[in-house]
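Overview (structure and organization)
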Amino acid sequence: MTRCDRTPAWGQMLALPRALRLDSLFASDPARAQRYTLEAAGLRVDLSKNLWDDATRDVLLSLAAQSGVLERRDAMLSGAPINATEGRAVLHSALRAPHDGSGAALFGGEVQAALDAMLAFAEQVRADAFTDIVHIGIGGSDLGPAMAVQALQPFVKSGLRLHFVSNVDGHDLAAVLPQLDAKTTLFIVASKTFTTQETLANAEAAKAWFAAQGGTDIARHFAATSSARDKAAAFGIRNTFGFWDWVGGRYSIWSVIGLPLAIAVGSQAFREFLAGAHELDRHFATAVPEANLPLQLGLLDVWYRNALGFSSRSIAPYHQGLRRFPAYLQQLEMESNGKCVDMDGEPLAYATSPVVWGEAGTNGQHAYFQMLHQGTDVVPVEFLAVRKPRYGFAPQGALAGLLKEQHRKLLANCLAQAQALMQGKRFDEALAEKPPTANPALAAEALARHRSFPGNRPSTLILLDELNPRTLGALIALYEQRVFVSGAIWGINSFDQWGVELGKQLCNALLPRLESGDASGLDGSTAAALAWLRT
Ligand code: F6P
């Protein structure tokens, strides 16, 4: 690998024209939409409304070649220990390789045996009398299954309720417990390390609640997913599904951490979910750079962050099932690429992870889209839309027609927002309008300045035919591999997360002080807050 800022292409990228105009780009190239749309694994991604042209793409492709991104990709996919600070391989892609695939060969069937055992248990739970599954985990041991179960709700076994508890704040668990019957509830404690404060606290509380309800059969009502079987056993759980240190927490949905999803949708659908991700992996591994979707997205991210200086990216899923997708992506991207030193520990002279944020469309439109359209910062937006809705039941009569119309409205909103960001509204257009709610005492020119939109704001449109296990798998894998690409270009280790340690250590040190009140040696602000909270 060569660090990006030491390649000739880096300087060329920074010297490229930045004042690109989307209207001119479309006017000068009638085939732009087609030429900038790529397809892979059932995903159709229109990159044409982004602030780049062929010259930009050529330089970015040179940057990828000179940085050695594809070599690093191959190293990752073949199991080299590319997570150097932890001395680990990065092989979540092996978890979704088919039975006869190279992934299985890498581990002599170990991966498939673990998957088969987890799926057999999932089927057993589905066939049992359980009504409620309570999944206790946090971060990568929560966000993936929580997001995916929500996204695939129409595929969830009817009558089965899934709950996700993550926060150490007891209000989280307390809101779930009253809904449960201990006799028909299964708790799954998910923690790769089985040391995470939040998860262990919730698991202890759940166990105490279970006992208070007269529950005694822990073996039947508690299971764990963890790579620390011994710690799960010490906690009292006999039924533990294990995984390996080469599966990063934020990449673990494909492992046994996906158990609640497998219980919810069944083993066949879970295998479809893996197959969709694998299809995307194959695309990433084999497509030429010009047509390689994760590569193009990752390069665009570098262009925006380092040349155009955009510090955030907004995710706008126009599908209610994907409302937790932005939160999932926050961990994926910001925990992976929020780093300020390179792989050798040398400080970086350029920016890395953008802030990733968002909310389901159309809700976001009525909250922060104002800033996206008229704020002083340019925030690239990623619109996600699904062609065919699926409600989990077949709407009849008038409802069927009304829901169809709602779906059209949803799609029209999505396309319109992307159009508005790109087109904007000129001053003279705003001046020609007579908005009924405007203050009549205001000069027309002043009002038109408030009502003009700069436009030329970039967006990407990701389209799925249907949101199902296969396309969801592909979608998540697309983001994983794209985050890999930008991280590799930046020359950082996208697979460690040392930045979460300090807060955990300080929390452990403060915890007894909340009990004792001892404020000795603390900074003034923390000491004052501690004193106030204890009164
Ligand atoms: O605090 C960050 C983190 O380590 C994440 O990387 C991880 O997904 C999460 O905590 C949960 O960790 P565990 O699965 O070990 O409980």
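This text gives an overview of the structure that appears in the document. (Residues numbered from 1 in each chain as written. Predicted model: local features only at pLDDT ≥ 70, side-chain atom pairs only at ≥ 80, totals over all residues. Heavy atoms only, no water.)

Moving on to the environment of Thr 225. Position of Thr 225 among the secondary structure elements: in strand 6 (residues 222-225). Judged by relative accessible area, which is 1%, Thr 225 ranks as buried. Taking the C-alpha atoms as reference points, Thr 225 and Val 256, 31 residues apart in sequence, are found 6.1 Å from one another. Discounting chain neighbours no more than four positions away, the residues touching Thr 225 are Ile 188, Val 189, Ala 190, Ser 191, Phe 241, Phe 243, Val 256, Ile 257 and Leu 259. (Helix = DSSP H or I, 4+ residues; strand = E, 2+ residues; numbered from the N terminus. Buried < 20%, exposed > 50% of the residue type's maximum accessible area, 1.4 Å probe, protein only. Contact = heavy atoms within 4.5 Å.)

Tallied over the full model, the rule gives zero disulfides. Summary of cysteine pairing: Cys 4 is not part of a disulfide, and the nearest cysteine sulfur, belonging to Cys 340, is at 14 Å. Here Cys 4 falls in the buried class, since its relative accessible area comes to 0%. (Disulfide = S-S within 2.5 Å.)

With that settled, consider the site of the ligand. The environment of the ligand is made up of 14 residues, and the closest members are Gly 140, Ser 141, Ser 191, Thr 193 and Thr 196. In this structure, an oxygen atom belonging to the ligand sits 2.5 Å away from a side-chain N or O atom of Thr 196. Contact between the ligand and Gln 331: an oxygen atom at 3.2 Å from a side-chain N or O atom of the residue. Contact with the protein chains covers 86% of the free accessible surface of the ligand, which is 390 Å². Tallied by class, the residues present in the shell around the ligand amount to two nonpolar, nine polar and three charged. (Near = heavy atom within 4 Å. Polar contact = N/O pair within 3.5 Å; in protein donor to acceptor, adjacent residues only side chain to side chain. Areas by Shrake-Rupley, 256 points an atom, 1.4 Å probe, with all protein chains shown as cover. Nonpolar A, V, L, I, M, F, W, Y, C, P; charged D, E, K, R; others polar.)

Think of two packed helices as two axes; the pair is described by the angle between the axes and how far apart they sit. Following both chains from N to C, one finds helix 5 (residues 69-77) and helix 22 (residues 469-490) inclined at 125°, their axes separated by 10 Å at the closest point. On the basis of their axis angle, the class for helix 5 and helix 22 is oblique. At the point where helix 5 passes helix 22, the crossing takes the right-handed sense. Across from Val 69, Arg 72, Arg 73 and Met 76 in helix 5, the residues of helix 22 making contact are Gln 481, Phe 484, Val 485, Ala 488 and Ile 489. When the residues that make up the contact of helix 5 with helix 22 are grouped by side-chain class, the tally is six nonpolar, one polar and two charged. (Axes fitted to C-alpha atoms, helices over the stretch in contact; angles between N-to-C directions. Parallel < 35°, antiparallel > 145°, perpendicular 65-115°, else oblique. Left-handed = near helix turned anticlockwise from the far one by under 90°.)

Another point: the packing of aromatic side chains. For the structure on display, the rule yields 20 aromatic pairs. An angle of 10° between the planes, with centres 6.3 Å apart, marks the rings of Phe 325 and Tyr 328 as stacked. With Phe 325 and Tyr 328 both in helix 17 (residues 325-337), this residue pair falls three residues apart, about one helical turn. Here the aromatic residues Phe 187, Trp 209, Phe 210 and Phe 222 are joined through ring pairs into a cluster of three or more. The ring of Tyr 36 has Arg 32 lying over it, and the distance from NZ or CZ to the ring centre is 4.4 Å. Note that Arg 96 overlies the ring of Trp 254, its terminal NZ or CZ placed 4.6 Å from the centroid. (Phe/Tyr/Trp six-rings, centres within 6.5 Å; stacked < 30°, edge-to-face > 60°. Lys NZ or Arg CZ within 6 Å of the ring centre and 35° of its normal.)

What follows deals with the sheet that holds strand 11 (residues 459-466). Taken together, the six strands give an open sheet; going across it, the order is 1-2-11-10-8-9, and neighbouring strands pair in mixed fashion. Edge positions in the sheet fall to strand 1 (37-40) and strand 9 (355-358), since each has one partner strand and no second. Geometrically, the sheet is characterised by an average inter-axis angle of 20° between neighbouring strands, direction not taken into account. Relative to strand 11, strand 2 (residues 43-46) runs antiparallel, the two being bridged by four bridges. Paired with Arg 44 across the two strands is Leu 463, which belongs to strand 11. (Pairing = 2+ DSSP bridges.)

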